[in-house]
Amino acid sequence: MKNNKTSVRCDSVRSLNVSASKKGGLQQAVRNGAPAVLGILFVFVIWEVAVNVTHVSVDVLPSPTRVFRMLLVNRDKFWMHLIPTLQETLIGLGATILVAVFISVLCDFLPTVRKFVYPILVVSQTVPVIVIAPLMVIWFGYGLFPKIIVIVLVTFFSIAVALTDGFDSTEPETVNLLRSMGATKWQQFYYVRLPASLPSFFTGLRIAITWSVTAAIFGEYVGAERGLGIFMQICKNDFRTDLVLGSVIIISAVSLILFGVVAILRRLFIPWAAVAKAGAKK
Amino acid sequence: MLEVKQISKVFHKNGVPFEALRDVNLEVHEREFVSIIGPSGCGKSTLFNIIAGILPPDGGSVMVQGKDVTGKTEACALMPQKDLLFPWRKVADNTILALQIAGMKKKEAREKVEPYFSIFGIDGTQELYPAQLSGGMRQRASLLRTVVQDRPVLLLDEPFGALDSMTRTELQDWLLDIWQKQKWTVILVTHDIKEAVYLSDRVYVMTPSPSRVQEVISIDLPRPRTPEITMTTEFVKYEARLKHAFGKKESSEEGNT
Ligand SMILES: Nc1ncnc2c1ncn2[C@@H]1O[C@H](COP(=O)(O)OP(=O)(O)O)[C@@H](O)[C@H]1O
Ligand SMILES: [Mg+2]
């Protein structure tokens, strides 16, 4: 039994390493983030200099300082148009997650359903959104609902596939083990297939986030009363390039923030992923 | 105590029948340690799955304590070759999985496994994640998860097969020690002849597929055993005898792994 002590000690050292690398994770995030921030700043500087040197018309390319000034001046207008876009994005994403979870779980439990649903899913992906979005306006008008449908159609696939892959990542030996413990189908799902699918689900969600913002904007572009998409179109028709670019900056910022929120949620929901990664490196 | 009678199993690989087990008989007494050795692919895991009640045999029956448990999972606890600890559960929560499946509350189950952690030499790992443990510690936790099910029979399927040889020796000594104290009824699948002699009361040698029991060898070495026993002449004789029995079919199974 004297061996045990040494191995326990060596394992607790391992765990120390892990918590150390967790702290390092924050530092590393800053270290990884710094070049990105610098890179963007660099682009803005070049842009500013280029506009000032070439005296290009403000209708074609306004300087970034002007774009930001206009953002500030028109902040109420931007805010008014941002709210519906955000609303659509979040409700659309929520709806996608609900529908995707429901259908993936159904397919997981009922292989026959899966055989019917999968081809439909794949075919649905070949239909371009550009075709769908105007149709939605014709069918459902200018409100929230058609945008939600566009977002669900665009993002559904990535989340459904992520979930299905996650469920299927369970090895047959694991299923055998659970069955030997007397686990029912539902228990196998709850104790293994579901938690096993979380990392893959968050990867899918990360992809879906950016797409859902884009889909919301596009849905508005085709027809809406308010929203950054329709705002951009109006500004474009008025040759207010500065406001169009301002919208672009806001949209990017929103995507980035949502991205960050997903990363935080991922940490909260799967704290073990960081540990597993650190363990695998050894 | 455990009686495996005339078990046969035929798989169908792409419509081609493949006879994995033919009339396998096996008997294990109360608190006995029995090993099964046989060439890889001969159907040892298949036999285990049948005994564990998760794979229906094509013929034969499994009786435990006089009760027919063929196709029922209640009698045996299975320890797979890979530890299969779930990365999202802390070590303690991994060990209580079967208890939770059986309907026990998490808190109660944690209290039940707690004393075992020091017995198993993994005290202090309860709140860690499996990824933070070494391979040897993970196997200990995996055995603990098997033992806490309180099933009459433990089925250990090559539990040390994937470990490096130092850790394997350490865990063999540990298993011998803990078994001699706890006296579970154990069937161990292994391809390590020394391991089989060292730990077992009896060793079943299986033939290549269609697999049958080729020979049953009683290891009449005194108990309690200690690591020193591996250096005695009797031990070496048993090893040689098993090697001979094992070699008989290994020569006919060249390269089939
Ligand atoms: N579900 C299955 N379907 C078809 N063939 C199988 C199945 N399970 C196992 N086999 C085959 O049965 C044989 C015995 O497998 P197994 O019991 O895992 O052997 P062992 O554990 O002795 O190495 C192998 O040839 C394997 O390919
Ligand atoms: Mg096997």
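The rules behind the values
- Counting starts from 1 at the beginning of each chain's written sequence and moves along it residue by residue.
- Lettering for chains starts from A, numbering for ligands starts from 1, and both go in the order in which the items are written.
- pLDDT decides what is reported in this predicted model: residues at 70 or higher carry local features, side-chain atom pairs at 80 or more are listed and counted, and totals for whole chains, interfaces and linings draw on all residues regardless.
- Note: side-chain values were computed over all heavy atoms of the structure, leaving out hydrogens and water.
- How far each domain reaches was decided by an automatic or database domain assignment.
- The contact rule is simple, with two residues in contact once any of their heavy atoms fall within 4.5 Å.
- As a working definition, buried area equals the accessible area (1.4 Å probe) given up by two parts on being put together, with both sides summed.
- One side-chain nitrogen of Lys or Arg within 4 Å of one carboxyl oxygen of Asp or Glu is enough to make a salt bridge.
- To qualify as a helix, a DSSP run of H or I must reach at least 4 residues; to qualify as a strand, a run of E must reach at least 2; elements of each kind are numbered from the N terminus.
- Patch definition: residues with relative accessible area over 30% and no salt bridge; like charges joined within 9 Å; nonpolar side chains (Val, Leu, Ile, Met, Phe, Trp, Tyr) joined within 5 Å.
- Note that accessible areas follow from Shrake-Rupley with a 1.4 Å probe, and for residues the cover is restricted to the protein chains shown.
- Throughout this description, a polar contact denotes any pair of N or O atoms lying within 3.5 Å of each other; where both atoms belong to protein, one of them has to be capable of donating a hydrogen while the other can accept it, and for residues adjacent in sequence the pair is counted only when both atoms sit in side chains.
- Ten residues, namely Ala, Val, Leu, Ile, Met, Phe, Trp, Tyr, Cys and Pro, are considered nonpolar, four, namely Asp, Glu, Lys and Arg, are considered charged, and the remaining ones, Gly among them, are considered polar.

Remarks on the domain arrangement of chain B
Residue and element names in this part refer to chain B. The domain architecture assigned to chain B consists of domain 1 (2-75 + 153-256) and domain 2 (84-150). Computed over C-alpha atoms only, the centres of domain 1 and domain 2 are separated by 25 Å. Each partner contributes to the interface: domain 1 provides twelve residues, whereas domain 2 provides nine residues. Carbon and sulfur atoms make up 75% of the area that domain 1 and domain 2 hide from each other, which totals about 930 Å². For the interface between domain 1 and domain 2, the tally reads one salt bridge. Counting only elements with at least two residues in the side of domain 1 that touches domain 2, the list comes to β7 (153-157) and α6 (165-182). Here the side of domain 1 that touches domain 2 gets seven residues from one element, more than from any other, and that element is α6.

Things to note about a nonpolar patch on the surface
On the surface, Ile257(A), Val261(A), Ile264(A), Leu265(A), Leu268(A) and Phe269(A) cluster together into a nonpolar patch covering about 590 Å² of accessible area. Tracing the sequence through the fold places Leu265(A) in helix α10 (residues 241-269).

Focus: the interface of chain B and chain A
Counting residues at the interface gives 33 residues for chain B, matched by 30 residues for chain A. A buried area of about 2900 Å², summed over both sides, lies between chain B and chain A, and 64% of it is on carbon and sulfur atoms. The largest per-residue losses of area from chain B upon contact with chain A belong to Trp88(B), Ile101(B) and Gln132(B), which jointly make up 24% of the total buried on that side. On the surface where chain B and chain A come into contact, there are two salt bridges. A salt bridge links Glu173(A) to Lys82(B); the shortest N-O distance between them is 3.6 Å. Our count for the contact surface shared by chain B and chain A stands at five residue pairs in polar contact (both at pLDDT 80 or more). Of all elements in the fold, only β6 (76-79), α3 (97-101), α5 (135-147) and α6 of chain B reach the threshold of two or more residues within the side of chain B that touches chain A. A total of four residues in the side of chain B that touches chain A trace back to one element, the largest contributor, which is α3(B). Residues of the side of chain B that touches chain A, tallied by class, amount to 18 nonpolar, seven polar and eight charged.

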